[in-house]
Amino acid sequence: VSNLNVLAREVAAKIVFYGPGLSGKTTTLKKIYESVRPSNRGEMMSLATEGDRTLFFDFLPVKVERVNDCAVRLALYTVPGQVFYNATRKLVLQGADGVVFVADSNPAALEKNLESLANLEENLREQGIAYENFPVVFQWNKRDLPSAIPVSDLHAALNSRGAPEVETAAASGRGVLESLKAITRLVIRDLQQKSVVPSRSPKPTPMLQVASGLEAQLQAQLEDQTAVVPAPEGIHTAAAAVLNARSDRADGRPRGVGALGALAPTALLDYARAADTAFAMGDFTTCVTASLEAVRRALAFAGDHPLPTQAYLLRVDGADLLRLTELSNIAGARPEDAAFALYVAMQALARLNATGILPAP
Ligand SMILES: Nc1nc2c(ncn2[C@@H]2O[C@H](COP(=O)(O)OP(=O)(O)O)[C@@H](O)[C@H]2O)c(=O)[nH]1
Ligand SMILES: [Mg+2]
């Protein structure tokens, strides 16, 4: 569990790739995945895709070695572009530290680009965030199209605020890492201004820096010695038990060790996958149930504590957990209920993943 280093000088940030449907958000994440050293990234998870359309979202954890003396953990998300998935977009946008707006250079897509940007502004405003001051990078995608709109036109139509711009052809991978670097720089600078991340420190003081976004909260929790819950030995214990159980077996699969059997990462991931599949097949009730099971198992990794304490350790929002539990008790879940359930499960897995205790599937 070397990743569970609360003494590390580390910052975690959530970055959301926003933009209209088919502008190239999923492609961008895939190319980032392919370009980043395997040791510096987790697995990309694409939740509920139908054909090449993202119905829910994609997720990719990436680690950047050093930015201003800090190791940076990024949680990258895409949103579904289709107009009717606004509820999902709002969820994914929650707690974001920065946005890459992926615009489609196809002339026919200009109107959709404008609509999507207006939608971003509105969804940010609803969360009490002023778009004008929020870290945004514009990614002009599909620059390989012969008919691509001139960049100056995209700039005039979409970027009156003068945010950084990067030209990309995501399908070939061109520019995607520049885009990621640009938003990372912007987010770090923003967090420094908010004094969440200090400027370079003269001595390597062991300390943990946190951002407001995903994953950060868990690490903040682990760091907080004054917390009402004990330090998370339970995490070490559970992880160690699972790892020991693993090495005990010739086939490498975790052995059933009483209650820990339920903690086996395979079981956890099976539920996550089942939730994903159920969503794709339109079985929203099963999706909710499977998501709740995945969350319960994720929480169990936080040690031998009552459910609320586990939720607190992994910073799973109590209200979210309550709503998810309620949803699992009613028949006939709606698509937005299932989307919500998947989101809560993914957050829990992401936080678990950030602790470094989630063994590879
Ligand atoms: N020509 C071209 N096509 C692209 C580019 N990036 C993505 N696409 C294509 O656009 C379509 C939609 O891409 P996708 O990443 O799924 O869009 P999303 O809805 O924003 O996630 C796919 O067929 C991609 O292959 C690009 O830079 N150039
Ligand atoms: Mg997509």
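Structural notes, computed from the coordinates.

Basis of the calculations
Residues numbered from 1 in each chain as written. Chains lettered and ligands numbered in written order. Predicted model: local features only at pLDDT ≥ 70, side-chain atom pairs only at ≥ 80, totals over all residues. Heavy atoms only, no water. Salt bridge = Lys/Arg side-chain N within 4 Å of Asp/Glu carboxyl O. Helix = DSSP H or I, 4+ residues; strand = E, 2+ residues; numbered from the N terminus. Buried < 20%, exposed > 50% of the residue type's maximum accessible area, 1.4 Å probe, protein only. Near = heavy atom within 4 Å. Polar contact = N/O pair within 3.5 Å; in protein donor to acceptor, adjacent residues only side chain to side chain. Nonpolar A, V, L, I, M, F, W, Y, C, P; charged D, E, K, R; others polar. Right-handed = clockwise from strand over helix to strand, strands pointing away. Pairing = 2+ DSSP bridges.

### Things to note about the pattern of salt bridges
Here is step 1 of the chain: For the structure shown, the criterion picks out seven salt bridges.
Here is step 2 of the chain: With a shortest N-O distance of 3.1 Å, K142 and D104 are connected by a salt bridge. Here D104 lies in strand β5 (residues 98-104) and K142 lies in the loop between β6 (136-141) and α4 (151-158), a separation of 38 residues in the sequence.
Here is step 3 of the chain: The class for K142 is partly exposed, based on a relative accessible area of 23%.
Here is step 4 of the chain: The residue E293 makes a salt bridge to R297 at a minimum N-O spacing of 2.6 Å. With E293 and R297 both in helix α9 (residues 284-300), this residue pair falls four residues apart, about one helical turn. Residues E293 and R297 agree in their burial class; the two are buried.
Here is step 5 of the chain: Linked by salt bridges that have partners in common, E293, R296 and R297 make up one network.

### Section: unusual backbone geometry
Here is step 1 of the chain: Although it is not a glycine, L22 adopts a positive phi angle of roughly 70 degrees.
Here is step 2 of the chain: With respect to the helices and strands, the residue L22 is situated in the loop between β1 (10-18) and α1 (25-35).
Here is step 3 of the chain: Notably, K142 is not glycine yet its phi reads approximately 65 degrees, a positive angle.

### A word on the site of ligand 1
Here is step 1 of the chain: In the neighbourhood of ligand 1, 17 residues make up the surrounding shell, with L22, K25, T27, D144 and A170 lying closest.
Here is step 2 of the chain: Measuring from an oxygen atom of ligand 1, one finds a backbone N or O atom of L22 at 2.7 Å.
Here is step 3 of the chain: Contact between ligand 1 and K25: an oxygen atom at 2.7 Å from a side-chain N or O atom of the residue.
Here is step 4 of the chain: Partitioned by chemical class, the residues of the shell around ligand 1 number six nonpolar, seven polar and four charged.

### Brief notes about the pairing of β6
Here is step 1 of the chain: With six of its six residues buried, β6 lies for the most part within the structure.
Here is step 2 of the chain: Judged by which residues are buried, β6 turns out to be covered on both faces: V136, F138 and W140 on one side and V137, Q139 and N141 on the other are all buried.
Here is step 3 of the chain: Considered for its hand, the β-α-β crossover made up of β5, helix α3 (residues 110-126) and β6 is right-handed.
Here is step 4 of the chain: Here β6 pairs with strand β7 (residues 165-167) via three bridges, running parallel. Bridging from a neighbouring strand, Q139 pairs with V166 of β7.
Here is step 5 of the chain: With respect to chirality, the unit in which β6 leads through α4 into the neighbouring parallel β7 is right-handed.

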